[in-house]
Amino acid sequence: DGGEPGDVVGRLLRFAPIIIGAQADNRVDAAVATVDGSVALSSSICTVGAINGMVSPSVDMAVHKHARTTGYSSGVIDDVDCDVLVPLSRTDPTRVARFTHQLRIRPRTGSSRFAQGGDSGALIVGKSSNAAVGLLFACPDNGSYAYANPIQDVLDTLEVELD
């Protein structure tokens, strides 16, 4: 996305290992890094604004996000406790990872997609509260819905807090 091979933005600090297999019990697909001091940071998300803490997800909750590929989009949580098999290879359909207790988000009415490849890592935020709800990690190629890890699971796993 405009960088050069030697550019350093940050260094990996911790990550959630993914267990491969259709019977696995993965909860989080995320990592945290320390950011290089020369990188400008903002506590606000482009077109979303400042994050206002966190909130528990609920069915029919309106959410929004800004991500690398799709930019700004809004949607609705339609499942707060789904299990999903995520393909890990386009050439080997048997290579999957099962994620449990995930959020599923569909696009808002009138839109055909909520997310696409390259959007992983986007923070999902409650539309009315601007509070963090989840962390986007997967979606089908057509973007008709997206899966997110509940934000509390991400924070607990990576041992971080929202400021």
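Residues numbered from 1 in each chain as written. Predicted model: local features only at pLDDT ≥ 70, side-chain atom pairs only at ≥ 80, totals over all residues. Heavy atoms only, no water.

Would you mind going over the nonpolar core with me for this structure?
Soluble globular proteins tend to pack their nonpolar side chains together in the buried interior. Val63, Ile77, Ile105, Phe114, Ile124 and Leu136 are the most contacted members of the largest nonpolar core, which totals 14 residues. Looking at this core, the elements with two or more residues in it are strand 6 (62–67), strand 8 (96–107), strand 10 (132–138) and strand 11 (146–150). If we skip the residues at most four places from it in the chain, Val63 touches Ser73, Ser74, Gly75, Val76, Ile77, Ile105, Phe114, Ile124, Val125, Gly126 and Lys127. Residues Ala16, Leu123, Leu135 and Leu155 belong to the second largest nonpolar core, which totals 13 residues. (Core = buried A, V, L, I, M, F, W, Y, C linked by side-chain atoms within 4.5 Å. Buried < 20%, exposed > 50% of the residue type's maximum accessible area, 1.4 Å probe, protein only. Helix = DSSP H or I, 4+ residues; strand = E, 2+ residues; numbered from the N terminus. Contact = heavy atoms within 4.5 Å.)

For this particular structure, what's the right way to read the pattern of salt bridges?
Two side chains carrying opposite charge are able to pair once their charged atoms lie near each other. With the rule as written, the count across this model stands at 6 salt bridges. Between Asp119 and Lys65 there is a salt bridge; the shortest N-O distance is 3.8 Å. Taken together, the residues Asp119 in the loop between strand 8 and strand 9 (123–126) and Lys65 in strand 6 connect sequence positions 54 residues apart. In terms of burial, Asp119 and Lys65 fall into one category: buried. Of the charged contacts in the structure, one is a salt bridge between Asp78 and Arg106, with a shortest N-O distance of 4.0 Å. (Salt bridge = Lys/Arg side-chain N within 4 Å of Asp/Glu carboxyl O.)

Teacher, can you tell me more about the packing of aromatic side chains here?
To describe a pair of aromatic rings, you give the distance between the ring centres and the angle between the ring planes. Taken as a whole, this structure holds 2 aromatic pairs when the rule is applied. Here Tyr145 and Tyr147 contribute two aromatic rings whose centre-to-centre distance is 5.4 Å and whose plane-to-plane angle is 80°, an arrangement assigned as edge-to-face. On the accessibility criterion, Tyr145 (29% relative accessible area) is partly exposed. For Tyr147, a relative accessible area of 12% gives the class buried. For the cation-ring pair, Lys65 lies above Phe114, with the distance from its terminal atom to the ring centre recorded as 5.3 Å. (Phe/Tyr/Trp six-rings, centres within 6.5 Å; stacked < 30°, edge-to-face > 60°. Lys NZ or Arg CZ within 6 Å of the ring centre and 35° of its normal.)

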